[in-house]
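# Commentary on secondary and tertiary structure
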Amino acid sequence: MSEILQKADAALPGAATTYINLPQKPEEVYTVGKKQPQETAEYGYSQVYLDQYTGKVLQLQNGLKPTRAEAVMNSFSPLHYGTFWGLPTRILYVFVELSPLILSITGFVMWWYRYKGKNRQQQTVRIIERLGKS
């Protein structure tokens, strides 16, 4: 494990190690997550992929220079949790999350009054019919 960490540190010097994913199958690799000082994400987006048998660096993902695909994938987490504009988006997300409940309640109330209204109209028609027969 110390060799893996040394090689990951050599691949991205100055970056702090935030996590290590150990291989679970023979064909998998070590994934060492790193956070560079300029990265704003809590755990960083930099990753070093190392072969589990030789310790050779297979792939290096620099969080400061992501490809377009990596940038899109990295933006999903802030969008999902509403952290991209801070507190205002979290407040907005609360209202968005409550909207199905509010719409369900207002829909039920509208249906209830519509149902009551039909019964009153039918009762009025019956009363008028009775008055007309007598």
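Residues numbered from 1 in each chain as written. Predicted model: local features only at pLDDT ≥ 70, side-chain atom pairs only at ≥ 80, totals over all residues. Heavy atoms only, no water.

This part takes up the sheet that holds strand 4 (residues 57-61). Two strands in a sheet stick together by hydrogen bonds in their backbones, pointing the same way (parallel) or opposite ways (antiparallel). If you walk across this open sheet you meet the 4 strands as 1-2-3-4, and the pairing is antiparallel. Every other strand in the sheet has two partners, leaving strand 1 (16-21) and strand 4 as the edge strands with one partner each. The sheet shows a mean angle of 20° between the axes of neighbouring strands, taken without regard to direction. The strands touched by helix 1 (residues 2-11) within the sheet are strand 1, strand 2 (29-35), strand 3 (46-51) and strand 4, with strand 3 carrying the most contacts at an inclination of about 135°. (Pairing = 2+ DSSP bridges. Helix = DSSP H or I, 4+ residues; strand = E, 2+ residues; numbered from the N terminus. Axes fitted to C-alpha atoms, helices over the stretch in contact; angles between N-to-C directions. Contact = heavy atoms within 4.5 Å.)

This part covers the side chain of Lys 34. On the secondary structure map, Lys 34 appears in strand 2. Residue Lys 34 is classed as buried on the basis of its relative accessible area, which comes to 0%. Within polar-contact distance, the side chain of Lys 34 engages the side chain of Asp 9 at 2.2 Å. In terms of polar contacts, Lys 34 uses its side chain to reach the side chain of Thr 17, at 2.9 Å. (Buried < 20%, exposed > 50% of the residue type's maximum accessible area, 1.4 Å probe, protein only. Polar contact = N/O pair within 3.5 Å; in protein donor to acceptor, adjacent residues only side chain to side chain.)

As a further point, take the confidence of the model for the protein chain. In the predicted model, the protein chain carries a mean pLDDT of 88, and the fraction of residues at 70 or more is 91%. No element of the protein chain has a lower mean pLDDT than helix 3 (residues 87-133), at 82, and none a higher one than strand 2, at 96. (pLDDT = per-residue confidence, 0-100.)

So, about the layout of surface pockets. Here the largest pocket is characterised by a volume of approximately 260 Å³. Taken together, Tyr 19, Ala 41, Glu 42, Tyr 43, Gly 44, Tyr 45, Ser 77, Pro 78, Tyr 81 and Thr 83 form the lining of the largest pocket. The element contributing the most residues to the lining of the largest pocket is helix 2 (residues 68-81), with 3 residues. Residue composition of the lining of the largest pocket, by class: 6 nonpolar, 3 polar and 1 charged. (1 Å grid on protein atoms, 1.4 Å probe; cavity = no way out; pocket = protein on both sides within 12 Å on 5 of 7 lines; lining within 4 Å. Points joined across faces, edges and corners; volume = space filled by probe spheres on them. Nonpolar A, V, L, I, M, F, W, Y, C, P; charged D, E, K, R; others polar.)

On to the packing of aromatic side chains, then. For any pair of aromatic rings, the description consists of the separation of the ring centres together with the inter-plane angle of the planes. Summed over the entire model, instances satisfying the criterion amount to 4 aromatic pairs. On the basis of an interplanar angle of 55° and a centroid distance of 5.1 Å, the ring pair of Phe 84 and Trp 85 is categorised as tilted. The exposure class of Trp 85 is exposed, given its relative accessible area of 65%. Among the aromatic side chains, those forming a connected cluster through ring pairs are Phe 108, Trp 111 and Trp 112. (Phe/Tyr/Trp six-rings, centres within 6.5 Å; stacked < 30°, edge-to-face > 60°.)

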